[in-house]
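# Results of the structural survey
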Amino acid sequence: MTATMPATFDIVAIGNAIVDVIARTDDAFLAEHALTKGAMQLIDTAMAESLYADMPAAMEISGGSAANTLAGMAALGNQCGFIGQVADDQLGKVFAHDVRALGVHFTTPVRAQEPPTARCLIMVTPDAQRTMNTFLGASQFLPKEALDRDLIASAKILYLEGYLWDPEQPRAAMRAAIDTARSAGRQVAFTLSDSFVIDRHRADFLKLIEEGLIDILFSNENEIKSLAGVDDFEEAIAAFAGKLPVLVSTRSEHGAIAVVDGERYSAPAAPVAQVVDTTGAGDLFAAGFLSALLDERGIEDCLKLGAAAAAEVISHYGARPEADLSVIRDALFA
């Protein structure tokens, strides 16, 4: 596949536009609002708004899987664009400000009507337990008419977040984005996101692979086994190794592997003094891997930078890097 024009962006991602709202609370607050300590639940508009109103002073940090990956890639110096749906409200403005402050191009038109911008309301109790309440809101209503097709065609890689394949409108938008990217001679990367997404859309994902529409597939060990419908990791890898130009699978503390044009590579997990919060580990692994790939480094180096970026993000709370990833990269490849 040959590109039809020079690329002006390294990557454009399509994903959920979510703001994490983190507040310190106590067990009494959880009981008052009937929240199950340490659990994650999906909530509706009414509960999202009432719970947000009742929360004490909070820290608001933009999130979303694909957006987290772009945060890492922007920190590594890549030219990034993001397509995702926010509403015309306070948290929509927070998300737009945060993603643009990273240097990421973001011009998706805001949604004027309900529901409001997606948010994950996180209550942290004194024992460090995190009780998460996720409202997917406007992010689930990204129409294909909102796509910037010129932006997609201008990027070397189109990166798609599996979580967003679930709702109908974004799924149609991502199918259209794939067509645009392929017509422009660009690569398409896809992250499987979660086993529950695979359970609902396995046939779709298998068809994308069979039709050669995915160039780079990201998964973790459980996801690739779920996609293959087997219990053995090696059997799952073998099922797809010959069907994808690049297959990447992470294995937590056991490192990661990549199969590229039939050849297998591996790298150990990067050392971490203390694992604080594993949220965003896969997102930042993808950031490091893709950034090194765009720099035309070898696949082992891609795996190593992915592991290093993941190690940084699990060493603190939150799914965005705090340390300078470019410094970590330069030390890694010195």
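Use the structure listed above.
Now for a quick tour of the structure. (Residues numbered from 1 in each chain as written. Predicted model: local features only at pLDDT ≥ 70, side-chain atom pairs only at ≥ 80, totals over all residues. Heavy atoms only, no water.)

### Overview of the layout of surface pockets
How we decide: The rule is simple: put a 1 Å grid over the protein atoms alone, call a set of points where a 1.4 Å probe fits but cannot get out a cavity, call an open set with protein on both sides within 12 Å along at least five of seven lines a pocket, and count a residue as lining if it has an atom within 4 Å of a point. Grid points are joined across faces, edges and corners, and a volume is the space filled by probe spheres set on the points. Under the convention adopted here, Pro, Cys and the residues Ala, Val, Leu, Ile, Met, Phe, Trp and Tyr are nonpolar, Asp, Glu, Lys and Arg are charged, and Gly plus all remaining residues are polar.
Of the volumes computed, that of the second largest pocket is approximately 210 Å³. Looking at the lining of the second largest pocket residue by residue, the class counts come to three nonpolar, two polar and three charged.

### Details of the packing of aromatic side chains
To describe a pair of aromatic rings, one takes the distance between the centres and the angle between the planes. Note the threshold: Note on aromatic contacts: the rings of Phe and Tyr and the six-membered ring of Trp form a pair at centre separations within 6.5 Å, being stacked when their planes are under 30 degrees apart, edge-to-face when over 60 apart, and tilted otherwise. Each helix corresponds to a stretch of at least 4 residues labelled H or I by DSSP, and each strand to a stretch of at least 2 residues labelled E; elements are numbered beginning at the N terminus. Burial classes: relative accessible area under 20% of the type maximum marks a residue as buried, over 50% as exposed, and values in between as partly exposed (1.4 Å probe, protein chains only). A positively charged side chain is recorded as over a ring if its NZ (Lys) or CZ (Arg) lies within 6 Å of the ring centre. The angle to the ring normal must also be within 35 degrees.
Tallied over the entire structure, the rule returns ten aromatic pairs. On the basis of an interplanar angle of 50 degrees and a centroid distance of 5.6 Å, the ring pair of Phe-82 and Phe-95 is categorised as tilted. Taken together, the residues span a long stretch of sequence, with Phe-82 in strand S5 (residues 80-83) and Phe-95 in helix H4 (residues 90-101) at a distance of 13 residues. Both residues of the pair, Phe-82 and Phe-95, belong to the buried class. Here the aromatic residues Tyr-159, Phe-218, Phe-285 and Phe-289 are joined through ring pairs into a cluster of three or more. Positioned above the aromatic ring of Tyr-52 is the side chain of Arg-119, whose terminal nitrogen or guanidinium carbon lies 5.7 Å from the ring centre. The ring of Phe-233 has Arg-251 lying over it, and the distance from NZ or CZ to the ring centre is 3.9 Å.

### Notes on the pattern of salt bridges
Rule in force here: Basic side-chain nitrogens of Lys or Arg form a salt bridge, by our definition, when they fall within 4 Å of a carboxyl oxygen of Asp or Glu.
Per the stated rule, a full pass over the model turns up 14 salt bridges. With a closest N to O distance of 3.6 Å, Asp-10 and Lys-156 form a salt bridge. Taken as a pair, Asp-10 in strand S1 (residues 9-14) and Lys-156 in strand S9 (residues 155-161) lie far apart in primary sequence, 146 residues in all. With relative accessibility at 14%, the residue Asp-10 sits in the buried group. Ionic contacts of the salt-bridge type, sharing partners, join the residues Asp-27, Lys-37 and Asp-127 into one network.

### Section: the sheet that holds strand S14 (residues 263-267)
Rule in force here: Any two strands are treated as partners once DSSP identifies two or more bridges connecting them. Whether two residues are in contact is decided by their heavy atoms, any of which lying within 4.5 Å being enough. Note on definitions: angles span 0 to 180 degrees between N-to-C directions of axes, and those axes are lines fitted to C-alpha atoms, for helices only across the stretch in contact.
If you trace the nine strands from one edge of the open sheet to the other, you get S6-S5-S1-S9-S10-S11-S12-S13-S14, paired in mixed fashion. Each edge of the open sheet is held by one strand with a lone partner, namely strand S6 (105-106) and S14. Looking at chain direction, strand S10 (residues 187-191) and strand S11 (residues 216-220) are connected through three bridges and run parallel. Residue pairing in the sheet places Ala-189 in a bridge with Ile-216 of S11. Here helix H6 (residues 168-183) sits on the sheet in contact with S1, S9 and S10, set at roughly 160 degrees to S9. Lying over the sheet, helix H9 (residues 233-241) contacts strand S12 (246-250), strand S13 (256-260) and S14, oriented at roughly 160 degrees with respect to S12.

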